[in-house]
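Observations on the model geometry
What follows is the residue order along each chain.
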Amino acid sequence: MADGATGYADILKAPHAARLLTGTLIGRLPNATASIAIVLFTRAEGGSYSLAGGLAAVYGIATAIGQPLLGRAVDLHGQPRVQFPAAVVSALGMVLLAAVGIGALPLAYAAVAVAGVFTPPLEGGLRALWPSVLGREERVHRAYAMDAVAQEVMFTVGPLLVTVLVSLWSAGAALLVINVIGVLGALSVVLSEPSRGWRSAPREAHWLGALRSPGLLALLGSLFFVGLALGSITVAAIAYADDHGQESVYGWLMAALGLGALIGGTLYGARQWAGAPERRLRALVALLALGYLPLVLTPGVVAMTALAALSGLFLAPAIACAFIVVDRHAPSGMVTESFSWLVTSFGVGAALGTAVAGPAVELGGTAWSFAVAGAGGIAAWLVLMATQRVLAVPGRTKDIAGHITGSSENDRNGAAEPGFSSGREA
């Protein structure tokens, strides 16, 4: 564990690393808090939960559409020319929502759609920058784990910050403050030397873009079901809290889920791993699915909180490992777009999980909604098992000169996981 802490410290001491990680997390704050901010704002304006859910859903769908498109634009035109303008336009969308309220619904829906479509792909952009900042591949892979852990912190602290701003000022002020902070975070990233100097590798023009990689498609399919599981847990936890007559129970369950992911991600990044990441990902997703299954038991609050923490234990490790696999199967010159597709796949899955879990509660009770999470985890593992051959070897693509190249820009040697302790494949 001490070696892991030293490894994380080594990464953060690298020039620009702390700034890029912090700026990216702050820049993504509006996206991480959008759903709760939109719901609280709509309710404060006198709107129904149905309207709040509709606005939040439009934002989520718009984000899913915009991420890969903006990711492709970043690969083609560089980060500063895309990331910062997108952040500004996205923030202006939320400013428009705060200004018009829900009195003019077409404008409100248009505002959240603009905010979602132009959400900057900072997440994919950061992962594209790590090689130039950290150099050695083992440091890049450890940074992926640190990134996954940092996300858990952000998704825990972000909603709390929104509720504090609402209590101190208003829901409209919370929208404005969060988005101004997000723009400043994006500005910090794009003004950095690595962001300004980054250029994508040569790419072969294709209308499918990154989606022409079979390995990437397989991974996106699996992560879609992981997202479905997480989305269903959000609704299931609310239903469980209602069953026990305590709204605070929902907060405890989600905090426990985040804590489990935080612990798991920290431990995962603290050691070296042998073998191909594709094989390790199958094991991690299998453990993730097993962690979701006991939630169906819906025991008392204390035991359920412990089960929630256990269910989150393998989430961050699975995501960190997925980052490496995405990197290895991304077509040349399309690394940002590939990571952006991952965000989209995960987000769409979460939205569907939320939609499915609601009827599941009504049909069979809280246990059925937690069963959706278990089914999602199992489906994610089955996708990886069914596509083992596709994922076995990182894809190969031709560059613009017609030469065969490794698919990964961050893992150029296409090794099992260079820098980490490489074991012999079975």
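Rules used in this analysis
Residues numbered from 1 in each chain as written. Predicted model: local features only at pLDDT ≥ 70, side-chain atom pairs only at ≥ 80, totals over all residues. Heavy atoms only, no water. Phe/Tyr/Trp six-rings, centres within 6.5 Å; stacked < 30°, edge-to-face > 60°. Helix = DSSP H or I, 4+ residues; strand = E, 2+ residues; numbered from the N terminus. Buried < 20%, exposed > 50% of the residue type's maximum accessible area, 1.4 Å probe, protein only. Axes fitted to C-alpha atoms, helices over the stretch in contact; angles between N-to-C directions. Parallel < 35°, antiparallel > 145°, perpendicular 65-115°, else oblique. Left-handed = near helix turned anticlockwise from the far one by under 90°. Contact = heavy atoms within 4.5 Å. Nonpolar A, V, L, I, M, F, W, Y, C, P; charged D, E, K, R; others polar. Patch = residues over 30% accessible without salt bridge, like charges linked within 9 Å, V, L, I, M, F, W, Y side chains within 5 Å. Areas by Shrake-Rupley, 256 points an atom, 1.4 Å probe, with all protein chains shown as cover. Salt bridge = Lys/Arg side-chain N within 4 Å of Asp/Glu carboxyl O. Expected span 1.5 Å × (residues − 1). Core = buried A, V, L, I, M, F, W, Y, C linked by side-chain atoms within 4.5 Å. pLDDT = per-residue confidence, 0-100. Arc of directions from axis to C-beta.

**Section: the packing of aromatic side chains**
Applying the stated criterion across every chain, the model contains two aromatic pairs. Between phenylalanine 224 and phenylalanine 225, the aromatic rings sit 5.1 Å apart at their centres with planes inclined by 80 degrees, giving edge-to-face as the arrangement. Judged by centre distance (6.2 Å) and plane angle (80 degrees), the ring pair of phenylalanine 323 and phenylalanine 339 falls under edge-to-face. Taken together, the residues span a long stretch of sequence, with phenylalanine 323 in helix α15 (residues 315-329) and phenylalanine 339 in helix α16 (residues 335-364) at a distance of 16 residues. Overall, phenylalanine 339 belongs to the buried group, its relative accessible area being 0%.

**As for unusual backbone geometry**
Glycine aside, residues mostly have negative phi angles, and peptide bonds mostly take the trans form. Unlike most non-glycine residues, histidine 16 shows phi in positive territory, near 75 degrees. For threonine 298, which is not a glycine, the phi torsion comes out positive at approximately 40 degrees. Within the secondary structure, threonine 298 sits in the loop between α13 (277-292) and α14 (301-312).

**Section: the packing of helix α7 (residues 122-134) against α16**
In contact at an axis separation of 8 Å, α7 and α16 are set at 140 degrees when each is read in the N-to-C sense. Relative to α16, the element α7 is oriented oblique. Seen from above, α7 lies across α16 with right-handed handedness. Two secondary-structure elements touch here, α7 through Glu123, Gly124, Gly125, Arg127 and Ala128 and α16 through Val335, Thr336, Phe339 and Val343. Partitioning the contact of α7 with α16 into residue classes produces four nonpolar, three polar and two charged.

**Re a nonpolar patch on the surface**
Taken together, the side chains of Leu287, Leu290, Leu293, Ile378, Trp381, Leu382 and Met385 present a nonpolar region at the surface, about 570 Å² in accessible area. If you list the elements that add at least two residues to the nonpolar patch, you get α13 and α17 (366-386). Considering every element that reaches the nonpolar patch, the biggest residue donor is α17, with four residues. Among the secondary structure elements, tryptophan 381 is positioned in helix α17. Note on tryptophan 381: relative accessible area 30%, which makes it partly exposed.

**Things to note about α13**
Compared with the 22 Å implied by 1.5 Å per residue over 16 residues, the 22 Å span of α13 between its first and last C-alpha is a close match. The complete set of buried residues in α13 reads Pro277, Glu278, Arg280, Leu281, Arg282, Leu284, Val285, Leu288, Ala289, Gly291 and Tyr292. Where α13 is buried, its residues touch α11 (214-243), α12 (248-269), α14, α15, α17 and α18 (388-392).

**Topic: the pattern of salt bridges**
Taken as a whole, this structure holds three salt bridges when the rule is applied. Residues arginine 72 and glutamate 337 are paired through a salt bridge, measuring 3.1 Å at the closest nitrogen-oxygen approach. Here arginine 72 is found in helix α4 (residues 49-77), whereas its partner glutamate 337 is found in helix α16, with 265 residues between them in sequence. Classification of glutamate 337 as buried rests on a relative accessible area of 1%.

**Digging into the nonpolar core**
Ranked by internal contacts, the top residues of the largest apolar core, which has 100 residues, are Leu97, Trp130 and Leu134. In terms of residues, this core owes the most to one element, α11, which gives 13 residues. The contact partners of tryptophan 130, leaving out residues within four places of it in the chain, are Ala17, Leu21, Gly135, Val140, Ala143 and Tyr144.

**Regarding the confidence of the model for the protein chain**
Of all residues in the protein chain, 87% have pLDDT values of 70 or greater, and the mean over the chain is 81. Across residues 396-426, where pLDDT falls below 50, the model places 91 contacts with residues more than four positions away in sequence or in other chains.

**Some points on the side chain of threonine 24**
With respect to the secondary-structure elements, threonine 24 resides in helix α2 (residues 17-27). Threonine 24 gets classed as buried once you look at its relative accessible area, which sits at 3%. Each residue touching threonine 24, except ones within four places of it in the same chain, is listed here: Leu122, Glu123, Leu126 and Val189.

**Looking at helix α5 (residues 80-100)**
A rise of 1.5 Å per residue sets the reference length of α5, with its 21 residues, at 30 Å; its end C-alpha atoms lie 30 Å apart and thus fit the reference within 8%. Taken residue by residue, α5 has Val82, Gln83, Ala86, Ala87, Ser90, Ala91, Gly93, Met94 and Leu97 as its buried positions. Burial along α5 is one-sided: seen end-on, the buried residues are contained in an arc of 145 degrees. Exposed positions of α5 whose direction lies more than 90 degrees from the buried face are Arg81, Leu92 and Ala99. Phi turns positive one or two residues past the end of α5, at glycine 101, with a value near 65 degrees.

**Focus: the environment of valine 140**
Of note, valine 140 is situated in helix α8 (residues 137-168). Residue valine 140 is classed as buried on the basis of its relative accessible area, which comes to 0%. Distance from valine 140 to leucine 129, taken between C-alpha atoms, is 9.5 Å for residues eleven residues apart in sequence. For valine 140, the residues in contact, after removing those within four places along its chain, are Trp130, Pro131, Leu134 and Gly135.

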